[in-house]
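Coordinate inspection notes
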Amino acid sequence: MNAPQQHDFHPLAGQTMSGADIIVQVLADEGVDVVFGYSGGAILPTYDAIFRFNAKHPTANGGDPMPLIVPANEQGAGFMAAGYARSSGRVGVALVTSGPGATNTVTPVRDSMADSTPMIVICGQVPTSAMGTDAFQEAPISNIMAACAKHVFLVTDPTKLEATVRTAFEIARTGRPGPVVIDVPKDVQNWKGVFSGRRDVGGRLPVPGYRARLRLTDEARIDDAALTRFHELLKSAKRPVIYAGGGVIHAEASEQLRAFANEYRIPTVATLMGLGCYDTTDALSLHMLGMHGTAYANYAIDDCDLLIAIGARFDDRVAGVPAKFARNAKAILHFDVDASEINKVKRVNWSHVGNLKVALTQVLEKTRAEGFKPDYTEWHGHIADLKRVHAMNYDRQSATIQPYAIIEAINKITKGEAVIATGVGQHQMWAAQYFDFKQPRLWLTSGSMGTMGFGLPAAIGAQFANPGKMVVDIDGDASVRMNIGEMETITNYGLPIKVVVLNNSGDGMVRQWQKLFHESRFSGSDKTLHKKDFVKSAQADGFEYAVQLSNPADIERVVGEFVAFPGPAFLEVIIDRDAGVYPMVGPGMSYAEMITGDWIVSREPPKVLDVSKTQLF
Ligand SMILES: Cc1ncc(C[n+]2csc(CCOP(=O)(O)OP(=O)(O)O)c2C)c(N)n1
Ligand SMILES: [Mg+2]
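Analysis parameters
- Counting restarts for each chain, with residues numbered from 1 along the sequence as it is written.
- All chains are assigned letters beginning with A, and all ligands numbers beginning with 1, in the order in which they are written.
- Local features are withheld for residues below a pLDDT of 70 in this predicted model, meaning they are given only at 70 or higher, and side-chain atom pairs are given and counted only at 80 or more; totals for whole chains, interfaces and linings count all residues.
- Two strands pair under a simple rule: DSSP has to find at least two bridges between them.
- Segments assigned H or I by DSSP are reported as helices when at least four residues long, segments assigned E as strands when at least two residues long, and all are numbered from the N terminus.
- Throughout, an axis means a line fitted to C-alpha atoms (over the contacting stretch in the case of helices), and angles, computed between N-to-C directions, take values from 0 to 180 degrees.
- Each residue receives a C-beta atom placed from its backbone. It is near a molecule or strand if this atom lies within 6 Å of it.
- Throughout, the ten residues Ala, Val, Leu, Ile, Met, Phe, Trp, Tyr, Cys and Pro are labelled nonpolar, Asp, Glu, Lys and Arg are labelled charged, and all others, Gly among them, are labelled polar.
- Bear in mind that the domain bounds are from an automatic or database domain assignment.
- Contact definition: two residues whose C-beta atoms, as placed from backbone geometry, lie within 7 Å.

Adjacent strands of a sheet pair through backbone hydrogen bonds, lying either parallel or antiparallel. Ordered by their spatial adjacency, 6 strands build an open sheet running β11-β10-β9-β12-β13-β14, and the pairing between neighbours is parallel. Each edge of the sheet is formed by a strand with only one pairing partner; in this case those strands are β11 (285-288) and β14 (350-353). On average, each strand axis in the sheet is tilted by 15 degrees relative to the strand beside it, whichever way the strands run. The pairing of strand β13 (residues 331-336) with β14 spans 4 bridges and is classified as parallel.

Attention shifts here to the site of ligand 1. Residues in close proximity to ligand 1 total 18 residues, the closest being G425, G476, S479, D507 and G508. If you list the elements that add at least two residues to the shell around ligand 1, you get α17 (426-434) and α21 (508-517). For the shell around ligand 1, the leading source of residues is α21, giving 3 residues. Its residues assigned to classes, the shell around ligand 1 comprises 6 nonpolar, 10 polar and 2 charged.

Attention shifts here to the domain arrangement of the chain. A common way to state how big an interface is: give the accessible area lost once the parts meet. As far as domains go, the chain holds domain 1 (16-217), domain 2 (220-389) and domain 3 (403-574). The C-alpha centroid of domain 3 is placed 30 Å from the C-alpha centroid of domain 1. With 25 residues of domain 1 at the interface, the matching set in domain 3 holds 26 residues. If you list the elements that add at least two residues to the side of domain 1 that touches domain 3, you get α3 (74-88) and α5 (106-114). The element contributing the most residues to the side of domain 1 that touches domain 3 is α3, with 11 residues. Considering only residue class, the side of domain 1 that touches domain 3 consists of 11 nonpolar, 9 polar and 5 charged.

A separate point is the sheet that holds strand β20 (residues 569-574). With parallel pairing, 6 strands are arranged side by side in an open sheet as β16-β15-β17-β18-β20-β19. Looking at which strands have only one partner, the edges of the open sheet turn out to be β16 (443-444) and β19 (545-549). The pairing of strand β17 (residues 471-476) with strand β18 (residues 498-503) spans 5 bridges and is classified as parallel. The partner of D473 across the bridge, within β18, is V499. Lying over the sheet, helix α16 (residues 403-414) contacts β17, β18 and β20, oriented at roughly 160 degrees with respect to β18.

Below, the structure is given as structure tokens:
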């Protein structure tokens, strides 16, 4: 017999409410404690509902239970919601008006899809009677977003509004997380009807296909034969490496990953998105692999005889030349929640699709039961040599500030415990390489999309999700300009975020590629003649601490002062314009051919780059 179905009703069930009130009530039910958004005609009823909700339910200290945080631009709201989600694992919410308000969130929606970030964007829409007439501020949001969101709902039947909003949360946070867009016409917000208040699955839309797929992966277990095969493959390896990706963080499986890796002391590399899933200060952490990974991580990948990929997808920044990736591995094993990632880029010898927490627990139980006791002494010695000989390094005597020194100086204070957000470019890679991350969800960066302008709003969202935590934004002079309006958002809300701009007077990463592949023709990437005074700009935005640092002798003192400042603080650092990101695995190159620059020891003399092999940026 089936167990009796549990019904869970909200105390307000059965009451008559407006559509807008229903939206806000469901947000509250789902635990939403902050909304990021910008108002406008088509979303006014819901803005009004939030105002009334907050007035009616003050917190113990008289505050708003669901504060509404207003950005300078809706793109900012989207990235705030994403920063909130990435740093907490909870669903971030953005609330915007129709037309331009909604289209301004396309970039964060696509960014969140590409990096598997759970987020909900609620957009106002023109009234149903006006839809399709090119009405004022009408845009075909469900069509536009369908191509880049995990799911889109256009609510035309107001009786389905409540179930739709509840289902949106379910879809955003389950399986491979992602953004869900809900387009709500104004008449649907103004409609009055009964609040069902049903919070269990019966109060949601029937999405049988989706739930069936979820159940399959949730209930998937590695069967005995596969467990035995896993154990055999592991047992026959002398030089195993774990290659851990963002999936470990999304699945909240960092603890299980650490338990498995540490039980056998298996060296671990992380992708850009996986940083923090394994403590980077551990002796067996090889930090990041890939195009700009550490030389020792990439060499370890070349030297390993078994690669265990966990929640990682062999993307082109890691396996640019799939055939040469992990070329000495006798076997590759792959755990993922998404079946479409298996054998997508690289053929694997063993795979499992399912919940990572469960799968990692299963393999650890199996290997324990088998009394697996590997002796990796030789491999550990090799790893220690790789880390020592090919350590990250730079010109420590330089007369100009080297960007790496700034990250190192901040890291010395924050010790792998601060939340770090970034823009996109060289500064992003330097931050990834030189910061430590002791825990997951501390590293917020736009990985797959590589969206400049991500840093400031993501840091804001993260500070709301983690009020007591140190949040640092490491930005580029170009990236920060993209959403520079959000500097004022930081001071408007008195957020103690530390904003660093590594100023190399231009699009450094673009310049690096132009140097390598376009004979140093710096087309459109030079900002030496730009007029912006970043310190004055920060002061104008209300930053009481706004300082420029240009002398290497002042680094320790100024960075110390800056990090210790109790409120919002801004630091512009004039860095060596020619500083590069090394190592670099150029297009078409294998890890063995990686360029390590002047300060990191390479195993092979650098090769001449052949750009013709790929058109990838
Ligand atoms: C929205 C967007 N536009 C263009 C690019 C292409 N792009 C990648 S890095 C980069 C330069 C970034 O310059 P800056 O923020 O100053 O960082 P730096 O590389 O100098 O550290 C550009 C233009 C991008 N990633 N995102
Ligand atoms: Mg720059």
